[in-house]
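Here are the chains, one letter per residue:
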Amino acid sequence: MACCSTRISPGLHTCAGGACVQRSGRAEACLGVSVAEEKGLSALRVSSEKIEERRKGFLKGEYHRKFVMHAVVMEVPVVRETRMGLNLNGTKVYTGAGGAILEDVPHLTDWLSGLPTYPNPLKYNPAYSAARQYFVEETDTVAKDVVVNINDVGHGIHFRRAGPRDQIYFKPEEVRACIVTCGGLCPGINTVIREIVCGLWTQYGVREILGIDGGYRGFYSKNTIDLTPKTVNDIHKRGGTVLQTSRGGHDLGKIVDSIQDRDINQVYIIGGDGTQKGANAIYEECKRRGLKVAVAGIPKTIDNDIDVIDKSFGFDTAVEEAQRAINAAHVEAESVQNGLGLVKLMGRYSGYIAMHATLASRDVDCCLIPEVPFYLHGSGGLIEFVRKRLRESGHMVIVVAEGAGQELMAESTVNNNDLKDASGNKLLLDVGLWLCTILKDHFQAEFRETLNLKYIDPKYMIRAIPSNASDNVYCTLLAHGAIHGAMAGYSGFTVGPINNRHCYIPIKRVVAKSRNVNVADRMWARLMSSTNQPNFSRYEEVVQRQRKLNAQKQEEVENEKSTLSSNGASKPGNERATEDESVLIHSGDRQEFPVSAGGLQPSPISSPVAGEPTPSVDHAAP
Ligand SMILES: Nc1ncnc2c1ncn2[C@@H]1O[C@H](COP(=O)(O)OP(=O)(O)O)[C@@H](O)[C@H]1O
Ligand SMILES: O=P(O)(O)OC[C@H]1O[C@](O)(COP(=O)(O)O)[C@@H](O)[C@@H]1O
Ligand SMILES: [Mg+2]
């Protein structure tokens, strides 16, 4: 049992460091914590009478679990106030008397005073009336870090717990909500849309729900779509988004004009990091204009790179679907001699899908992710490992995240790729095709071996499927969290689970940085120990050496050029010659490699490292 969901309630903590311990086997716990956990109550508002009252209830066996009470709980002084301030980002921050810090989300009352409140209609909803302590207290919070030292004082950062509030700030018949989906596809988007519509309709009695067609630009360039439980009934069984999506087109002025013109007062925005930045700008602008508009973000990213929350929806589905591609690659590889299956998975900057898919599969020999730069040649390099593994097992499978090796490829690209998509995201070089060409050609040229390489890029097949059962449930909780938050008057927030408890997080906090695989963490260690792949720890050294070599070569070419021009030698087809020279520089000594797909030259880093033995040619190989 965790006591951390109540850490803002220091009055109930009794142990030296402010933590409570469950004694194994005997189901013991602090009363305060068990009460707060079971009933969703907070000590911040709890008087000693209330504790006494609850204690009696507890003793009468009103609670599910049988806890042995720590007598000392009752002696702890009750905290009567918290301190409020702003942090550097302008986020409201509450500091509890015990040192816990609540990073709060904005509320309509921050800029609109005297707003009336209304009782939550869920009180009278027969489905929910049986749920004990259904409403979340305003003082309930969730701790960001749950693994703490028992002797630590202060209880770290907390976020507001998500869920329905007793009082709401919108009369249901006043609500005119809209939903928009932006960015790349991800399994589960339709489920979130469906559950926002059905939740608003059935839980709160909202009748006006509009779909914005085609992402942010749809606010000002398209008609809206009426959404009802009937129109969205089956959409969770389909992949994609029924509302359509897009990149780019975030014209803030026009979007908020459209919100105002259409009398929209709740905006539900489903999208990734770019979308959430856009959502924050919309919230800020609504606030600046003094509008009673609640803006709720629902984080979507198949890459699982959104910070703070446990994981994004669709991630589990994606990892599961990736297994099919890995299995296929494995079957192909083990059915031939020198078989190599290469699978490229999503992950622009974060290798979560590749890492989890590898761990789940057990058939993967090497997993390459953006967080771990790799190199090809020399000791500890990829080629050495591939050769070793092929010799041992006769076949192997490599999983590569699409953002891996970008620096390595960029180094070897004659016309460096600076292209961006409509949202400003850098377009990636194709690491899958690049690896195919390099590996095949190198094995042929250097070892006289034919690699039976099969390349699978299942990205769009994975993104397009509907969410699996557990993601469907997750999407439902996200959607419900978002509607409860908006109805309660919160705005500029993203909803998501932290340590398995759903929270409202300031959007600003979520987009401040993206999340990456922590290679110093045990999860990556597990992967390394299961694949036994190289850790590429010599990357920097290898790159530096190669850069030096390239610079020397460049200098030689420049010198040659200037000698030619000072001799007044006019070479026919001079321009073409210059191009060829630049190819030479970038391709190092390995001119036997053809230009790979995507216009890439073999990497300079892919050349043997100076001072290292060149791999011997294996003439015995077929
Ligand atoms: N910094 C930003 N400010 C405002 N809008 C943004 C910003 N970055 C991206 N957007 C908008 O968010 C939408 C989706 O962004 P994108 O990066 O394509 O996908 P994702 O949200 O999945 O990361 C696009 O319409 C884009 O214009
Ligand atoms: O090909 P598209 O549609 O531009 O999408 C490419 C990107 O979309 C993703 O699937 C998810 O990206 P976003 O979450 O930023 O939309 C990435 O893995 C991938 O790089
Ligand atoms: Mg993104």
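Residues numbered from 1 in each chain as written. Chains lettered and ligands numbered in written order. Predicted model: local features only at pLDDT ≥ 70, side-chain atom pairs only at ≥ 80, totals over all residues. Heavy atoms only, no water.

To continue, consider the sheet that holds strand 16 (residues 452-456). Ordered by their spatial adjacency, four strands build an open sheet running 14-15-13-16, and the pairing between neighbours is parallel. A strand with exactly one partner marks an edge of an open sheet, and here the two such strands are strand 14 (366-368) and strand 16. Shown here is a sheet whose adjacent strand axes are inclined to one another by a mean of 15°, direction ignored. (Pairing = 2+ DSSP bridges. Helix = DSSP H or I, 4+ residues; strand = E, 2+ residues; numbered from the N terminus. Axes fitted to C-alpha atoms, helices over the stretch in contact; angles between N-to-C directions.)

Turning our attention to the site of ligand 1. If you check the shell around ligand 1, you find 17 residues, and the closest are Arg247, Gly248, Asp273, Thr275 and Ser423. At a separation of 2.7 Å, an oxygen atom of ligand 1 approaches a polar backbone atom of Gly248. Residue Lys300 places a side-chain N or O atom 2.8 Å away from an oxygen atom belonging to ligand 1. Its free accessible area being 550 Å², ligand 1 has 81% of it covered by the protein chains. Considering only residue class, the shell around ligand 1 consists of two nonpolar, 11 polar and four charged. (Near = heavy atom within 4 Å. Polar contact = N/O pair within 3.5 Å; in protein donor to acceptor, adjacent residues only side chain to side chain. Areas by Shrake-Rupley, 256 points an atom, 1.4 Å probe, with all protein chains shown as cover. Nonpolar A, V, L, I, M, F, W, Y, C, P; charged D, E, K, R; others polar.)

Turning our eyes to something else, we now look at the UniProt feature "active site" (unreviewed entry) in the chain. Look at the UniProt record and you will see "active site" (unreviewed entry) annotated at Asp303. Along the chain, the position of Asp303 falls in the loop between strand 12 (294-299) and helix 8 (315-334). Since its relative accessible area comes to 9%, Asp303 is described here as buried. Once residues within four sequence positions are removed from consideration, Asp303 is found in contact with Met346, Gly347, Arg348, Ser350 and Tyr352. Here Gly347 takes part through its backbone nitrogen, which lies 3.5 Å from a polar atom of the side chain of Asp303. (UniProt positions renumbered as here; feature names shortened; annotations may be inferred. Buried < 20%, exposed > 50% of the residue type's maximum accessible area, 1.4 Å probe, protein only. Contact = heavy atoms within 4.5 Å.)

The subject of this paragraph is the domain arrangement of the chain. One can read the domain layout of the chain as domain 1 (84-312 + 467-511) and domain 2 (315-415 + 425-464 + 519-541). In this structure, domain 1 and domain 2 have C-alpha centres spaced 37 Å apart. Together, the buried faces of domain 1 and domain 2 total about 1,400 Å²; carbon and sulfur atoms form 45% of this surface. At the junction of domain 1 with domain 2, the criterion picks out one salt bridge. Here Asp316 makes a salt bridge to Lys311, at a shortest N to O gap of 2.8 Å. Our count for the contact surface shared by domain 1 and domain 2 stands at seven residue pairs in polar contact (both at pLDDT 80 or more). Within the side of domain 1 that touches domain 2, the residues separate by chemical class into four nonpolar, eight polar and five charged. (Domains from an automatic or database assignment. Buried area = accessible area lost by both parts, 1.4 Å probe. Salt bridge = Lys/Arg side-chain N within 4 Å of Asp/Glu carboxyl O.)

Once that is clear, we can look at the packing of aromatic side chains. Remark: the centre distance and the inter-plane angle together describe each pair of aromatic rings, the angle taken between the planes. Within the structure shown, the criterion is met by eight aromatic pairs. Aromatic pair Tyr490 and Tyr504: ring centres 5.7 Å apart, planes at 45°, arrangement tilted. Taken together, the residues Tyr490 in the loop between helix 14 (469-487) and strand 17 (493-498) and Tyr504 in strand 18 (residues 501-506) connect sequence positions 14 residues apart. Assigned by exposure class, Tyr490 and Tyr504 land together as buried. Taking the ring centre of Phe447 as reference, the NZ or CZ of Arg387 above it sits at 3.8 Å. (Phe/Tyr/Trp six-rings, centres within 6.5 Å; stacked < 30°, edge-to-face > 60°. Lys NZ or Arg CZ within 6 Å of the ring centre and 35° of its normal.)

Our next topic: the packing of helix 4 (residues 189-204) against helix 14. When two helices pack together, their arrangement is given by the angle between their axes and by how far apart the axes lie. Where helix 4 contacts helix 14, the two axes come as close as 8 Å, and the packing angle between them is 50°. Taken as axis vectors, helix 4 and helix 14 run oblique relative to one another. Judged by the sense of rotation from one axis to the other, the crossing of helix 4 with helix 14 is right-handed. Every residue of helix 14 that contacts helix 4 at Thr191, Val192, Glu195, Ile196, Gly199, Leu200, Gln203 and Tyr204 is listed here: Asn472, Cys475, Thr476, Ala479, His480, Ile483, His484 and Met487. The residue makeup of the contact of helix 4 with helix 14, split by class, is eight nonpolar, seven polar and one charged. (Parallel < 35°, antiparallel > 145°, perpendicular 65-115°, else oblique. Left-handed = near helix turned anticlockwise from the far one by under 90°.)

What follows concerns the state of the cysteines. Applying the stated criterion across every chain yields a total of zero disulfides. Between Cys182, a cysteine without a disulfide, and Cys178, which holds the nearest cysteine sulfur, the sulfur-to-sulfur distance is 10 Å. Between Cys286, a free cysteine, and Cys178, which holds the nearest cysteine sulfur, the sulfur-to-sulfur gap is 9.6 Å. (Disulfide = S-S within 2.5 Å.)

Now for unusual backbone geometry. Peptide bonds are, in most cases, trans, and in most cases residues other than glycine have a negative phi. Even without a glycine there, the phi angle at Asn532 is positive, about 60°. Tracing the sequence through the fold places Asn532 in the loop between helix 16 (522-531) and helix 17 (539-566). Of note in this structure, Phe536 is not a glycine but carries a positive phi near 55°. Residue placement: Phe536 occurs in the loop between helix 16 and helix 17.

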